[in-house]
Amino acid sequence: MSNRLKVTPNDLSAFWMPFTANRQFKQAPRMLVSAKDMHYTSSDGRKIMDGTAGLWCVNAGHCRPKITEAIQNQAAELDYAPAFQMGHPIAFELANRLVDIAPKGMDHVFFTNSGSESVETSLKMALAYHRARGEGSRTRLIGRERGYHGVNFGGISVGGIVSNRKMFGTLLSGVDHMPHTHLPEKNTFTRGVPEHGAELADELERIVTLHDASTIAAVIVEPVAGSTGVLIPPKGYLQRLRAICDKHGILLIFDEVITGFGRLGTPFAADYFGVIPDIMVTAKGVSNGVIPMGAVFVKKEIHDAFMNGPEHMIEFFHGYTYSGNPIASAAALATLETYKDEGLLTRGEELAPYWEDALHSLKDEPHVIDIRNIGLVGAIELEPIAGAPAKRAFQAFVKAFERGALIRTTGDIIALSPPLIISRGQIDELIDHVREVLRMVD
């Protein structure tokens, strides 16, 4: 291990950290210096169990040999190639491999560098698609309350998390929101998909009546709303959204940045719920979080709508310097090989019942007011401290790190999404960490 990994930097002030309580962190830094499989190593030499797959992204576990080797080899062979009017073979190979595991009919892939960029790309595709078809009046975008779609202006406009929106002005115009699907009075402590709330999809009909379908381009939802605290769609909800979109010629976009690549025990949430969107947004797990990358999947008819006009002209004026970056593409290909070799895209289905029982064993622990689970993702919702929202969960996060586990919190909700390589024994260990922490917090 190099010396720079053994010590805390002597000045932390220059780095303005994202989505972080900077002042608190810099008073008591939590530094991770290495990782392997299910664990990080902290700067003081402790093993930290990864209960969140990094940030919902390290689905195959850390520092996997095939991915590491692919990155090293690619960096030595071709470090960068422009994606505008040029190409390199590995990006095309990756697109083919992704289409092979995608839901039926999603035949084309557009590469980005993150979930936020994938969302922006999907929204622009939707708007441009309708215009290419002669329906340029379809400019309205519909999101959902408590939805998270990254942090760019389009994403926070269709998103519905107040803290991500309130500081940035009026955002995009022509955006409306459906209600979220969280019904604690009916669905508390549900195991898996909740029974109640499918009728909430009918709010889209109200929005269509208000604005007229001829003005609406697309609806974007997370199949499972992750960053807001794991809100699972009620039975039949996504099917009803699909039917309403079909009825009115509205594109349905699934944001699968979190649910993609095995999180629910299927390759994508579209497979799990049996609902195929028109556009599917991914990132995170596509490269195991190792190198920034995103991929937007689209149906053939959307892609083909752009393939008109003179052949020498650009069809879609959009893209990124690093779209399909050679090293990221190599990492993603090796990630897909690792998933295939170890059956990780479906392993969650086998572990889900054990995971569910372990999570729900926390039901009677202090402060717990709800537990939600699906696939290998779960949430433990805590009763807030009066006048100090989010403080109790943040205490749990800090204490868990001190005791050897990395968990994620949002508001007063603990979210868990371990690497898909987790064993039953490690599930028990992770849940025991959470149990101990719940008994320690105020």
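Under the annotation held in an unreviewed UniProt entry, the chain carries the name Aspartate aminotransferase family protein and is attributed to Aquamicrobium segne. Quoted verbatim from the Sequence similarities (unreviewed entry) heading of the UniProt record, the comment on the chain is "Belongs to the class-III pyridoxal-phosphate-dependent aminotransferase family." According to UniProt, the comment filed for the chain under the heading Cofactor (unreviewed entry) is "pyridoxal 5'-phosphate".

Let us look at the overall build of the chain. The helix and strand inventory of the chain stands at 16 helices and 15 strands. In summary, the chain has a C-alpha radius of gyration of 22 Å against a globular reference of 22 Å for 442 residues, a match within 12%. A principal-axis box enclosing the C-alpha atoms of the chain has dimensions of 65 × 55 × 45 Å. Across the 442 residues in the chain, those meeting the buried criterion constitute 56%. At a minimum sequence separation of 6, the contacts of the chain that also span at least 24 residues come to 72%. Put simply, the chain shows about 19400 Å² of open surface, and 54% of that area lies on carbon and sulfur atoms. Computing the positive centroid from 44 side-chain charges and the negative centroid from 51, the chain places the two 4 Å apart.

What the rule picks out here adds up to four cavities of 30 Å³ or more. Taken together, 14 residues line the largest cavity, and the ones lying closest to its centre are H182, N187, P194, I232 and R372. For the lining of the largest cavity, the secondary-structure elements that each account for two or more residues are α8 (184-187) and β11 (368-374). Here the lining of the largest cavity takes three residues from β11, the largest share from any one element. For the lining of the largest cavity, the class distribution of residues is five nonpolar, seven polar and two charged. A volume near 40 Å³ is recorded for the second largest cavity. Class assignment for the residues of the lining of the second largest cavity results in two nonpolar, four polar and three charged.

In this structure, the second largest pocket spans a volume of roughly 1100 Å³. Around the second largest pocket sit 36 residues that line it, and A83, V109, F110, E315 and H318 are the ones nearest its centre. For the lining of the second largest pocket, the elements supplying multiple residues, two or more each, are α4 (89-101), β4 (106-112), β10 (294-299) and α12 (300-306). Tallied by class, residues from the lining of the second largest pocket come to 22 nonpolar, eleven polar and three charged.

Both the distance between ring centres and the angle between the ring planes are used here to describe each pair of aromatic rings. Within the structure shown, the criterion is met by eight aromatic pairs. Relative to F316, the ring of F110 lies with its centre 5.8 Å away and its plane at 75 degrees, an arrangement referred to as edge-to-face. In this pair, F110 sits in strand β4 while F316 sits in the loop between α12 and α13 (326-342), placing the two residues 206 residues apart along the sequence. Ring centres 6.0 Å apart and planes at 35 degrees place the aromatic pair F394 and F397 in the tilted group. Taken as a pair, F394 and F397 lie in helix α15 (residues 391-403) at a separation of three residues, close to a single helical turn. Each residue in the set F261, F268, F297 and Y339 is aromatic and connected to the rest through ring pairs, giving one cluster. The residue whose ring lies beneath K363 is F189, and the NZ or CZ to ring-centre distance is 4.9 Å.

We now examine a nonpolar patch on the surface. On the surface, F153, M167, F168 and L172 cluster together to form a nonpolar patch covering roughly 440 Å² of accessible area. Exposure remark for L172: the relative accessible area of 39% places this residue in the partly exposed category.

The strands that make up a sheet pair up through hydrogen bonds in the backbone, lying either parallel or antiparallel. An order of β11-β12-β15-β14 is seen for the four strands of this open sheet, with the pairing classed as antiparallel. Unpaired on one side and paired on the other, β11 and β14 (408-410) mark the two borders of the sheet. Averaged over all adjacent pairs, the angle separating strand axes in this sheet is 20 degrees, with direction ignored. As judged from the four bridges shared by strand β12 (residues 377-382) and strand β15 (residues 413-416), these two strands associate in the antiparallel manner. Bridging across to β15, G378 finds its partner in L416. Strand contacts of helix α16 (residues 424-438): β11, β12 and β15, with the helix running at about 170 degrees to β15, the strand carrying the most contacts.

Moving on to α16. Taking 1.5 Å of rise per residue, the 15 residues of α16 would be expected to cover 21 Å, and the 21 Å separating its terminal C-alpha atoms lies within 8% of that figure. Within α16 the residues assigned to the buried category are I427, L430, I431, H433, V434, R435, V437 and L438.

With that out of the way, let us pick up the nonpolar core. Residues L98 and I380 are the most contacted members of the largest nonpolar core, which totals 104 residues. Ranked by residues supplied to this core, first place goes to α13 with nine residues. Counting 23 residues, the second largest nonpolar core, distinct from the first, contains L123, M125, V257 and A305.

How each quantity is defined
Residues numbered from 1 in each chain as written. Predicted model: local features only at pLDDT ≥ 70, side-chain atom pairs only at ≥ 80, totals over all residues. Heavy atoms only, no water. UniProt positions renumbered as here; feature names shortened; annotations may be inferred. Helix = DSSP H or I, 4+ residues; strand = E, 2+ residues; numbered from the N terminus. Rg over C-alpha atoms; globule rule 2.2 N^0.38 Å. Buried < 20%, exposed > 50% of the residue type's maximum accessible area, 1.4 Å probe, protein only. Contact = heavy atoms within 4.5 Å. Areas by Shrake-Rupley, 256 points an atom, 1.4 Å probe, with all protein chains shown as cover. Lys, Arg positive; Asp, Glu negative; His and termini not counted. Charge placed at Lys NZ, Arg CZ, Asp CG, Glu CD. 1 Å grid on protein atoms, 1.4 Å probe; cavity = no way out; pocket = protein on both sides within 12 Å on 5 of 7 lines; lining within 4 Å. Points joined across faces, edges and corners; volume = space filled by probe spheres on them. Nonpolar A, V, L, I, M, F, W, Y, C, P; charged D, E, K, R; others polar. Phe/Tyr/Trp six-rings, centres within 6.5 Å; stacked < 30°, edge-to-face > 60°. Lys NZ or Arg CZ within 6 Å of the ring centre and 35° of its normal. Patch = residues over 30% accessible without salt bridge, like charges linked within 9 Å, V, L, I, M, F, W, Y side chains within 5 Å. Salt bridge = Lys/Arg side-chain N within 4 Å of Asp/Glu carboxyl O. Pairing = 2+ DSSP bridges. Axes fitted to C-alpha atoms, helices over the stretch in contact; angles between N-to-C directions. Expected span 1.5 Å × (residues − 1). Core = buried A, V, L, I, M, F, W, Y, C linked by side-chain atoms within 4.5 Å.

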